[in-house]
Amino acid sequence: MNTTPSITDTVMNMIGQSVQVLSKPSVETFEQYEDKGTLREAIIYVLIASVITGLLGLGGGIGGFLSGIISTIVGFLVFTYLVHYVGKSQGGTGTLDNVAYTFALFWAPINVLFAVISLILLITLIGIFLIPLLVIAALVINVYFAYLAVQSSMNLRESGKIWVTLGVAFVGTLVVSLVIASILS
């Protein structure tokens with residue numbers, strides 16, 4: 001008998017866990033869930049979020065939709081692999097599954113939320129001017145949750161090591177994203 005939960009069950013569980021992580025942000029909250037899933041579940045969750053955000057921004061056509069999904073998944077994978085690799089070099093003890101799963105729990109719902117807000121702002125004349133502020137807010141929120149997630153998933157507590165880990169992962173992901181954008185354009 002197959003004991004692997006269905007994708008629907010997995011996603012529903014992750015949504016509940018995301019609500020907890022977002023409503024009670026702390027290292028302890030992340031640690032409650034870091035062993036509840038794997039890279040596979042994280043990719044499924046991020047893929048679903050990227051499809052939703054892509055549908056909300058279909059102004060770029062089907063090509064933009066598909067390249068958005070590809071760049072989102074590749075960007076997520078590069079970022080989580082780099083967090084794991086650099087975190088290990090900084091003395092971290094977490095697994096790739098821990099990193100990917102904890103990052104997916106906040107990253108996917110935050111991106112869907114900001115895509116919805118962006119769409120609302122785009123259809124209003126005044127809202128268009130607020131989009132740069134929304135981008136800054138999304139960045140700040142993602143950095144805050146990423147900082148907590150690195151502490152939890154990589155078991156790093158020293159601030160300098162956490163920032164090095166996040167900084168290298170950010171730069172590496174930015175470079176890969178630029179390469180992907182140039183290939184897909």
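The text that follows walks through the structure, step by step, so that each part is easy to find.

1. Structural notes on the overall build of the chain
(1) Moving on: A tally of helices and strands in the chain yields seven helices and zero strands.
(2) Moving on: If you line up the chain on its principal axes, its C-alpha atoms span 45 × 45 × 35 Å.
(3) Moving on: Looking at the chain residue by residue over its 185 residues, the buried ones come to 41%.
(4) Moving on: Across the chain, contacts joining residues at least 24 apart in sequence account for 74% of those joining residues at least 6 apart.
(5) Moving on: In the structure as shown, the chain presents an accessible area of about 9,800 Å², 73% of it carried by carbon and sulfur atoms.

2. Some details on helix H1 (residues 7–23)
(1) Moving on: Between its first and last C-alpha, H1 extends 24 Å over 17 residues, near the 24 Å set by a 1.5 Å rise per residue.
(2) Moving on: For H1, every residue scored as buried is listed here: Thr10, Val11, Met14, Gln17, Ser18 and Val21. For H1, the buried positions fall inside an angular range of 125 degrees around the axis, keeping them on one side. Residues of H1 that are exposed and point over 90 degrees away from its buried face: Thr8 and Met12.
(3) Moving on: In this structure, the buried side of H1 is in contact with helix H2 (27–33), helix H3 (39–56), helix H5 (96–122) and helix H6 (131–153).

3. Some points on helix H7 (residues 159–184)
(1) Moving on: For H7, built from 26 residues, the straight-helix expectation of 38 Å at 1.5 Å per residue is met to within 8% by its first-to-last C-alpha distance of 37 Å.
(2) Moving on: Those residues of H7 lying buried are Ile162, Thr165, Leu166, Ala169, Gly172, Thr173 and Ile180.
(3) Moving on: Buried-residue contacts for H7 involve helix H4 (61–89), H5 and H6.

Calculation notes
- Residues numbered from 1 in each chain as written.
- Predicted model: local features only at pLDDT ≥ 70, side-chain atom pairs only at ≥ 80, totals over all residues.
- Heavy atoms only, no water.
- Helix = DSSP H or I, 4+ residues; strand = E, 2+ residues; numbered from the N terminus.
- Buried < 20%, exposed > 50% of the residue type's maximum accessible area, 1.4 Å probe, protein only.
- Contact = heavy atoms within 4.5 Å.
- Areas by Shrake-Rupley, 256 points an atom, 1.4 Å probe, with all protein chains shown as cover.
- Expected span 1.5 Å × (residues − 1).
- Arc of directions from axis to C-beta.

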